[in-house]
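Architecture and fold: a report
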Amino acid sequence: MSEIIKAIIVGLVQGLTEFLPVSSSGHIVIAQEILNIHFDEEENLLFAIVLHFATALSTIVVFRKDIIQIFKGLFQFKNNEEFQFSLKIVLSMIPAALVGVLLKDTLEELFSNLLVVGCMLLVTSGLLFFADRAKNTGKPVGYKDSFIIGIAQGFAALLPGLSRSGSTISTSILLGNDKAKAARFSFLMVLPLIFGATAKMFLDASETGGLSIGEMPVGALVGGFAAAFLAGLFACNWMIELVKKAKLTYFSVYCVIVGLVVISYSLFFK
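Here is what the cut-offs are and how they apply
Residues numbered from 1 in each chain as written. Predicted model: local features only at pLDDT ≥ 70, side-chain atom pairs only at ≥ 80, totals over all residues. Heavy atoms only, no water. Patch = residues over 30% accessible without salt bridge, like charges linked within 9 Å, V, L, I, M, F, W, Y side chains within 5 Å. Areas by Shrake-Rupley, 256 points an atom, 1.4 Å probe, with all protein chains shown as cover. Salt bridge = Lys/Arg side-chain N within 4 Å of Asp/Glu carboxyl O. Helix = DSSP H or I, 4+ residues; strand = E, 2+ residues; numbered from the N terminus. Buried < 20%, exposed > 50% of the residue type's maximum accessible area, 1.4 Å probe, protein only. Core = buried A, V, L, I, M, F, W, Y, C linked by side-chain atoms within 4.5 Å. Contact = heavy atoms within 4.5 Å. pLDDT = per-residue confidence, 0-100. Phe/Tyr/Trp six-rings, centres within 6.5 Å; stacked < 30°, edge-to-face > 60°. Lys NZ or Arg CZ within 6 Å of the ring centre and 35° of its normal.

Where nonpolar side chains cluster on the molecular surface, the patch consists of I94, L98, F147, I151 and F155 and spans about 430 Å² of accessible area. A per-element tally of the nonpolar patch places helix α8 (residues 143–158) first, with three residues. With respect to the element layout, L98 can be found in helix α5 (residues 81–102). Accessibility expressed as a relative area gives 49% for L98, which makes it partly exposed.

The biggest cluster of nonpolar side chains holds 41 residues, and the ones touching the most others in it are F63, I169, F185, F187, L188, M239 and V243. Contacts of L188, omitting those with residues within four sequence positions, involve F63, D66, I67, I70, F85 and I89. Ranked by size, the runner-up nonpolar core spans 15 residues in total, among them I28, V50, A54 and A228.

In this section: the confidence of the model for the chain. Here the chain averages 81 in pLDDT, while 85% of its residues score no lower than 70. Per-element confidence in the chain ranges from a low mean pLDDT of 55 for helix α6 (residues 104–110) to a high of 91 for helix α9 (residues 164–174).

Further remarks concern the packing of aromatic side chains. In this structure the tally under the stated criterion is eight aromatic pairs. Ring geometry for W238 and F251: centres 6.0 Å apart, planes at 70°, overall edge-to-face. With W238 in helix α11 (residues 218–244) and F251 in helix α12 (residues 249–268), this residue pair connects regions lying 13 residues apart in the sequence. With relative accessibility at 10%, the residue F251 sits in the buried group. Through a chain of ring-to-ring contacts, the aromatic side chains of F19, F63 and F187 assemble into a single cluster. The aromatic ring of F129 is capped on one face by R133, whose charged end is 3.8 Å from the ring centroid. Above the ring of F85, the side-chain terminus of R184 is found at 4.6 Å from the ring centroid.

Have a look at this one:
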């Protein structure tokens, strides 16, 4: 299988699982293991930047009206709904940012551990199972809720297999927030973090001599980007509808199955 096809497959996995509550980081580890993808350090960094930018761009496209409305409200310089929403987004970013700064080395070790991925998929399954059974309240996300949801996002960043969207949406719903509003907040809150992480990757790379594609074909980068972007558009819209219709149990069952398979493989076959 060519490197371009492998990159497209990984891009599809990234785009779909970034928004579906099944853990993008966990599935990327699994996909790379199955496809035997081993780029060098600089190539991995560049590929990660491309895929993250693609999924961020798909989020912007899906929520373009919300984002424009938020910016319009901010430039009115009033304590309006858009300004308050932006404050909640900033508040939710604090725990995840602290995790990224303080636990960088731990993150790098965990993100190659299949056993951790399997166990955290089981945790994701439990969160989705209980959230799917919560009542839809119509309650908006509050300031306290935002910080707690941010803590959930921080744990998801730390533990591969613990779905970011799954943990943040489930936490928000279990706090009593409206399901559609929980999904909207979950997807918008990750945008600043994705762009911040992408910028940090560029800065880190520039300090060590810049990024290089090495032996990675340019087509692999283009194919991975396109696949992640298109899959992200589909998954983001689909996920919003699934949350509204209370169909998270399907993903809960999926996470249990994949989690048990991964745990068995890591313990007995790896």
